[in-house]
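Now for the letters of each chain:
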Amino acid sequence: QEPLLDVKNLHVSFKTHGGEVKAVRGVSFSLEKGETLAIVGESGCGKSATSLAVMGLIPEPPGRITEGVISFKGRDMVKMSPKQKRRIQGVNLSMIFQDPMTALNPTLTIGSQLTEGIVHQKKATKTQARDKAMEMLALVGISNPEERMKQYPHQFSGGMRQRIVIAMALICEPDLIIADEPTTALDVTIQAQILELFNKIQKETDVAIIMITHDLGVVAKVADRIAVMYAGKIVELGAKRDIFYRSGHPYTQALLNSVVRLDLPSDTLRPINGAPPDLFLPPAGCAFSQRCPFAMEVCEHVQPPTTTLDAHHAVDCWLLDKRAVENRQRVENLQ
Ligand code: SF4
Ligand code: MG
């Protein structure tokens, strides 16, 4: 059986005054029904561009998918007309952003915003739409849905607004939700509640989720699998336990080490020194080589190949390649 989503060798570029930024440089991953994939990385690593591409929302121009396949339920979205894409967006695919106010209209009641989508797309009656909206509000943990439907966005707290946005995303029963830093703007307690909510929704609806985040704490709470992105590429992809307990890539390890561990004294925090490379002119070799404590000669010149550690764990790093490591030892012995 084919996966729900199958992304192969995706490349996305953006034209800017300074030239063309190669934001996504050959990303491949797949997603099954009911699964949560977290895409993690620093800002500018290409995680948002990847998710916008999957949503069919890359602004063209200045953006462009220059290569690759985004197969959603067996159909390549890259080849679809704007009209075909629009039919899928909002029905099969939903997106949740960091700031719920970008998705809510301040001048309309919650009820009319919730029902708008279904009345439009699924030709439900007003009453059916209202029932569905109340059901969704209850699902996302908003009590008194009947009363709340009559209220406006400003009458809700930030966390409640994000719950409403999640209800809106779910109302057309999508196959896939992409959530881009959905809890970053919320305080820690509310954040935990919203992440719990994602887990609950998934158990009840079997929706697949792509969670875009820079926060490994978020990842730990919701992900089944994790893709670590750096400089436009996925450098490591694996099940949650692979990434947290047996990560094979120095960048993943640096990310894990940089997490503030509340159980340790603060001087054990090890941030990653340096900055990611310029994506106007991506490096010939490993993009992490300037910051990597294990960098070898070959790393600077040749792209690291993908090593598959087990069925679902893949790492792009020369350290896992016997040829490179043996060669390095020889070079060091000679010096
Ligand atoms: Fe470090 Fe080389 Fe691995 Fe890149 S390929 S992460 S530079 S060891
Ligand atoms: Mg989950």
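- For the chain, an unreviewed UniProt entry supplies the name Dipeptide transport ATP-binding protein DppD and the organism Sporolactobacillus putidus.
- You can read under Sequence similarities (unreviewed entry) in the UniProt record for the chain the words "Belongs to the ABC transporter superfamily."
- In its Subcellular location (unreviewed entry) section, the UniProt entry covering the chain states "Cell membrane".

Considerations on helix H10 (residues 250-258)
- Every buried residue of H10 is listed here: Pro250, Tyr251, Thr252 and Leu255.
- Where H10 is buried, its residues meet helix H8 (216-222), strand E9 (225-230), strand E10 (233-239) and helix H9 (240-245).

A closer look at the site of ligand 1
- Neighbouring residues of ligand 1: 14 residues in total, closest Cys286, Ser289, Cys292, Cys299 and Cys317.
- A breakdown of the residues in the shell around ligand 1 according to their chemical character gives 12 nonpolar, two polar and no charged.

Notes on the nonpolar core
- If you look at the biggest cluster of nonpolar residues, it comprises 92 residues, and the most contacted ones within it are Ala53, Ala167 and Val228.
- It is helix H6 (residues 158-170) that provides the largest number of residues to this core, a total of seven residues.
- Excluding residues that lie within four positions of it along the chain, Val228 makes contacts with Val40, Gly41, Ile234, Val235, Glu236, Ile243, His249, Tyr251, Thr252 and Leu255.

Looking at unusual backbone geometry
- Residue Pro61 is bonded to the preceding Glu60 through a cis peptide linkage, with omega at -20°.
- Relative to the helices and strands, Pro61 is located in the loop between helix H1 (47-55) and strand E4 (63-72).
- The residue after Pro61, namely Pro62, is reached through a cis peptide bond having omega 10°.
- Positive phi, close to 50°, is recorded for Glu173, a residue that is not glycine.

Details of the sheet that holds strand E5 (residues 75-76)
- Taking strand neighbours across the sheet as the criterion, the four strands line up as E2-E1-E4-E5 in an open arrangement whose pairing is antiparallel. At either end of the open sheet lies a strand with only one pairing partner, and these are strand E2 (19-31) and E5.
- When strand E1 (residues 5-16) meets E4, the two strands line up antiparallel, connected through eight bridges. Its bridge partner lying in E4, Val7 is registered against Ile70.
- This element, H1, spans E1, E2 and E4 of the sheet and lies at about 115° to E1.

Quick word on the pairing of E2
- For E1 and E2, the ladder comprises 10 bridges, and the chain directions are antiparallel. If you follow Leu5 over to E2, its bridge partner there is Leu31.
- What sits between the antiparallel neighbours E1 and E2 is a turn of two residues.

The rules behind each value
Residue positions are given per chain, counting from 1 as you read along its sequence in written order. Chain letters start at A and ligand numbers start at 1, both assigned in the order the entries are written. Owing to the predicted nature of the model, reporting of local features is limited to residues with pLDDT of at least 70; listing and counting of side-chain atom pairs is limited to 80 or more, with chain, interface and lining totals taken over all residues. UniProt positions are given in the numbering used here, feature names are shortened, and annotations may be inferred rather than shown by experiment. Buried, partly exposed and exposed are defined by the number of other C-beta atoms within 10 Å of a residue's own C-beta, namely 20 or more, between the two limits, and 12 or fewer respectively, with C-beta atoms placed from the backbone. Numbered from the N terminus, helices here are DSSP runs of H or I no shorter than four residues, and strands are runs of E no shorter than two. Residue pairs qualify as contacts under a 7 Å threshold applied to their C-beta atoms, which are placed from the backbone. Each residue receives a C-beta atom placed from its backbone. It is near a molecule or strand if this atom lies within 6 Å of it. Residues were grouped as follows: Ala, Val, Leu, Ile, Met, Phe, Trp, Tyr, Cys and Pro as nonpolar; Asp, Glu, Lys and Arg as charged; and all remaining residues, including Gly, as polar. We call a set of buried Ala, Val, Leu, Ile, Met, Phe, Trp, Tyr and Cys residues a nonpolar core when their C-beta atoms link them within 7 Å. Paired strands, in this sense, are two strands between which DSSP finds at least two bridges. Think of each axis as a best-fit line through the C-alpha atoms, taken over the contacting stretch in the case of a helix, with angles from 0 to 180 degrees between the N-to-C directions.

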